Amino acid sequence: MKKKMIAGSKLWSIAMITALVTACSAPAATNTTANAATTTTTGTTKTVSVSEQTSVKFADLVSLDADDTNVSWTEADSTIIKLNGTTAAVTGSGAKVANGTITISEAGTYVLSGELTDGQIVVNVADKGVVHLVLNGAKINDNDSAGIYIQKAGKAVITLEKGTKNEVSDGKTYVYADDTTDEPDAAIFSKADLTFNGTGQLTVTGNYNEGITSKDDLKIISGTINVKAADDGIKGKDMVAIQAGTITIDAEGDGIKSTNDTDTSKGFVAIADGTFNIESGSDGIQAETALVTDGGTYNIVTAGGSANAPAKVEERPFGGGGGGFGGGTPPTDMGTPPTDMGTPPDGERPADMPDNAGGNAAAGTNNVAASSSANTATTETNADADTATTTTEEESISAKALKAGTDLTVNGGTYTIDSMDDSLHSNSNVTVNDGTFSLKSGDDGIHADQALTINGGDITIANSYEGLEGAIITLNDGNVDVTASDDGVNAAGGEETTTTATTETSQNTGTTGTTSTTDQTGTNAAQQNGGPGGMPGESSGNNELHINGGSLTVNAGGDGLDANGSIYMTGGTVIVNGPTDNGNGALDYDGTFEMSGGYLVAAGSSGMAQGTSDASTQNAIVMTFPSTQKAGTLVHVEDSEGNNILTFAPAKDYQSVVVSSPDLKADGSYVIYSGGTSTGTAVDGLYTDGTYSGGTKIVAFQSTSNVTWVNESGVTTAQSGMGGFGGGNGQGGFGGGRGRGQSGTTSDSTSTTDSAK
């Protein structure tokens, strides 16, 4: 469903994601590419397809040398620096003290201990050698600059000596040489490659801006590092590579980030292992290009968590075209819908229907007034491929937990995330190969602008606006449990409709209005793009949802499985507890739902009900009950020999149930019961064992095709056109309801009885 985010009087534009796709879609240059997607652009139409599914790991991106892992030193071979107040005593060569500043000018090993209350460690090695700093119980503070400042060196290695506690901090204000100087700006700041190792402890307090910053590579091999920062916690330009360690970050900005946006082979974050406790005001871990995690334990809270997410309002702009499909294009193949599925709300407008008579709702365009001509009006394609025009007053805060500019690859680890924004997000592709995830999101649980592929792992999305979202979504294996206030799984994006936008600015009002017209020939553009039931701008797209294995359980307030295109299921188990309102459906697709394997049960409201497609090679039953069934009321389907096809207790009220099983036959005889009990054990409401009894028979019937629509009267056949909220420009009259007509015929059926099983 189309969505907009409102925070106070500010419009949170979801066009920011779309803009990032075109700006940052090039993947990092590596030997392998995680779930690489090919993007082909012709005019304004963008097609996304999965070309390969491989795995990028830490070792593919990061190489460690002997200096990175060297923690050894001897007093005889080192320069000893003992800090004392605003000065220090130096034993050995390569370091000098003047006015509270200890300057290291030669490569070598320097061992620091004691306390520097107001001073600075400066590394300035002209020959680009390696400087090894050993923090051996050192406390360093500079009131108006960085505590440690690596100005020049081939590499700086900071070792946290075993069993020691060390601290580095800066002041809230910095004094620079002139107005053009803005470096350093972190408590530990390096213009050279910077590596941390050792098993000691380091506490960094960045009172001015950032905690730890490297303008080149930043590597953490080991150690316990605690960072508190006024802005970003740990930042590396070309890379942030973490092999192990325990890292705790409290940052007003991003927790961990890389920033190189000019070289696609750099700007990545790669993590092999470690424990991460991150509380950030913005993103938890953010990579300008690729983000790869092989393992580790992650506890991440962004911007106070999902409870702080801005309110989201689901738009339902009815109308667009006349009658039938609301003037739009119906799904190309969704099975034969029934004629008798209850009484539609004839002539009665839904309570939440916007009063927009005369508005161009059929074009799917929102005209948002700008407060001044200085504001930027942009035409956006949102996550559901709807075209809209909006005015952005300011860039919204990005508060995602794991965020990649290109590919996000998770190979393992344990993730406990509570994020105001998406929990996992990529401007390109997301691949989950393994891991355990407990996610709470104020927006999407897992979002990919292009391909989202799940090859394994246990994923629980306990709270989200939309659970899984991507242009192409593929579930190959793993266990996924999604709870979403809107769509549970949403295959959307990746396609842009050609539009012509005309912007008119009124000098009297200072507002900007935009009209978008789709280039169509011979037919009204609004009718071309109208969706089922008069929902505008929901024409069939090239987005795809593929389910090949694993298990997927969905509890959705909006659509359960939603594809702005087609759904393909070849294996696995899918359980959908869909919406209770008739403006959404347990299944919602624009193209086809081709079922060739696996097990599917989807329960929800009946107003927008869809089944699998006639093109499916595996059979299905679509049952609509005469009235809404209460949550937990069993629905049971068995064949003529008493074999169980389905015993299911939906988690919410329902009136429609779709079941597809390898055990269903195109010419089989079946009985549907309601209520009763089972002696088996339910997993997500589905009983696969035990004995069913005590239910009321609703209908007995003979299936007539690979998709059989049934109500209490038996098998139904009806017109293929789906009625709905059709009509004229903006808001139309009410048709026969999507998927449920006014009348129908029955064949080879037995009507409802009061007999109990």
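Definitions and cut-offs
- Residues numbered from 1 in each chain as written.
- Predicted model: local features only at pLDDT ≥ 70, side-chain atom pairs only at ≥ 80, totals over all residues.
- Heavy atoms only, no water.
- Helix = DSSP H or I, 4+ residues; strand = E, 2+ residues; numbered from the N terminus.
- Buried < 20%, exposed > 50% of the residue type's maximum accessible area, 1.4 Å probe, protein only.
- Contact = heavy atoms within 4.5 Å.
- Areas by Shrake-Rupley, 256 points an atom, 1.4 Å probe, with all protein chains shown as cover.
- Salt bridge = Lys/Arg side-chain N within 4 Å of Asp/Glu carboxyl O.
- Pairing = 2+ DSSP bridges.
- Phe/Tyr/Trp six-rings, centres within 6.5 Å; stacked < 30°, edge-to-face > 60°.
- Lys NZ or Arg CZ within 6 Å of the ring centre and 35° of its normal.
- Polar contact = N/O pair within 3.5 Å; in protein donor to acceptor, adjacent residues only side chain to side chain.
- pLDDT = per-residue confidence, 0-100.

1. Some thoughts on the overall build of the protein
Part 1: From N to C terminus, the protein includes 4 helices and 66 strands.
Part 2: Considering the protein as a whole, with its 757 residues, one finds that 56% of them fall into the buried category.
Part 3: Put simply, 60% of the contacts in the protein that link residues at least 6 apart link residues at least 24 apart.
Part 4: Total accessible area on the protein stands at roughly 27300 Å², and carbon and sulfur atoms take up 45% of it.

2. Examining the pattern of salt bridges
Part 1: As enumerated under the stated definition, the model contains 14 salt bridges in all.
Part 2: Note that Lys155 is salt-bridged to Asp65, the shortest N-O span being 2.7 Å. Of this pair, Lys155 sits in strand E13 (residues 155-160) while Asp65 sits in the loop between helix H2 (58-61) and helix H3 (66-69), placing them 90 residues apart in sequence.
Part 3: Its relative accessible area of 9% is what places Lys155 among the buried residues.
Part 4: For Asp65, a relative accessible area of 36% corresponds to the partly exposed category.
Part 5: Asp68 serves as the salt-bridge partner of Lys219, at 3.1 Å between the closest nitrogen and oxygen. Placement of Lys219 in strand E19 (residues 217-220) and of Asp68 in helix H3 is noted, with a sequence separation of 151 residues between them.

3. So, the environment of Val576
Part 1: The residue Val576 is located in strand E50 (residues 573-577) in this model.
Part 2: Separated by 16 residues in sequence, Val576 and Gly560 have C-alpha atoms that sit 6.0 Å apart.

4. Details of the pairing of strand E38 (residues 436-441)
Part 1: Alternating positions in E38 separate cleanly, Phe437, Leu439 and Ser441 being buried on one face and Thr436, Ser438 and Lys440 remaining unburied on the opposite face.
Part 2: Here 6 bridges tie strand E35 (residues 414-419) to E38, and the two strands are oriented parallel to one another. Within the sheet, the bridge partner assigned to Tyr415 lies in E38 and is Phe437.
Part 3: The sheet contact formed by E38 and strand E40 (residues 458-463) spans 5 bridges and is parallel. Bridge pairing in E40 links Phe437 to Ile459.

5. Here we look at the packing of aromatic side chains
Part 1: In total, this model carries 10 aromatic pairs according to the counting rule given.
Part 2: When the centroid spacing of 6.1 Å and the interplanar angle of 55 degrees are considered together, the rings of Tyr673 and Tyr692 count as tilted. In this pair, Tyr673 is assigned in strand E58 (residues 669-674) and Tyr692 in strand E62 (residues 692-693), connecting sequence segments 19 residues apart.
Part 3: One aromatic cluster is present, formed by Phe276, Tyr298, Tyr415 and Phe437 through successive ring pairs.
Part 4: Here the basic side chain of Lys312 rests over the ring of Tyr465, its NZ or CZ set 5.7 Å away from the ring centre.

6. Brief notes about unusual backbone geometry
Part 1: A cis amide bond, omega 0 degrees, links Glu183 with the succeeding residue Pro184.
Part 2: Looking at the element boundaries, Pro184 is found in the loop between strand E14 (165-170) and strand E15 (186-190).
Part 3: The phi torsion at Lys128 lies on the positive side, around 60 degrees, for a residue other than glycine.
Part 4: Judged by its relative accessible area of 52%, Lys128 is exposed.
Part 5: With phi around 55 degrees, Asp684 is a residue other than glycine that occupies positive phi space.
Part 6: Following the sequence through the fold, Asp684 ends up in the loop between strand E60 (682-683) and strand E61 (686-687).

7. Concerning the environment of Gly442
Part 1: The topology assignment puts Gly442 in the loop between E38 and strand E39 (444-454).
Part 2: Here the alpha-carbon distance between Gly442 and Ser306, two residues 136 residues apart in the chain, equals 4.1 Å.
Part 3: In this structure, Gly442 is in contact with Ser306, Ala309, Lys312, Ser419, Met420, Asp421 and Tyr465, ignoring residues within four places of it in sequence.

8. Side note on the environment of Thr91
Part 1: Along the chain, Thr91 falls in strand E6 (residues 87-91).
Part 2: Separated by 10 residues in sequence, Thr91 and Ile81 have C-alpha atoms that sit 6.4 Å apart.
Part 3: Thr91 has contacts with Ser78, Thr79 and Ile80, leaving out every residue within four places of it along the chain.

9. Let's talk about the pairing of strand E63 (residues 696-702)
Part 1: In terms of burial, E63 is largely enclosed, as 5 of its 7 residues are buried.
Part 2: Note that E58 and E63 share 6 bridges and pair antiparallel. Within E63, the position partnered with Tyr673 by the bridge is Lys697.

10. Digging into the side chain of Thr708
Part 1: By the element assignment, Thr708 lies in strand E64 (residues 707-711).
Part 2: Classification of Thr708 by relative accessible area gives buried; the value is 1%.
Part 3: There is a polar contact of 3.3 Å between the side chain of Thr708 and the backbone oxygen of Ser705.
Part 4: For Thr708, the contacting residues outside a window of four places in its chain are Ala620, Ile621, Val622, Phe701, Ser703 and Val715.

11. Points about the confidence of the model for the protein
Part 1: In this model, the protein carries a mean pLDDT of 79, and residues with pLDDT of at least 70 account for 70%.
Part 2: Confidence drops under pLDDT 50 across residues 1-53; counting only partners more than four residues distant or on other chains, this segment forms 165 contacts.
Part 3: Considering only residues more than four positions removed or in separate chains, one finds that residues 317-394, a stretch of pLDDT under 50, has 275 contacts.

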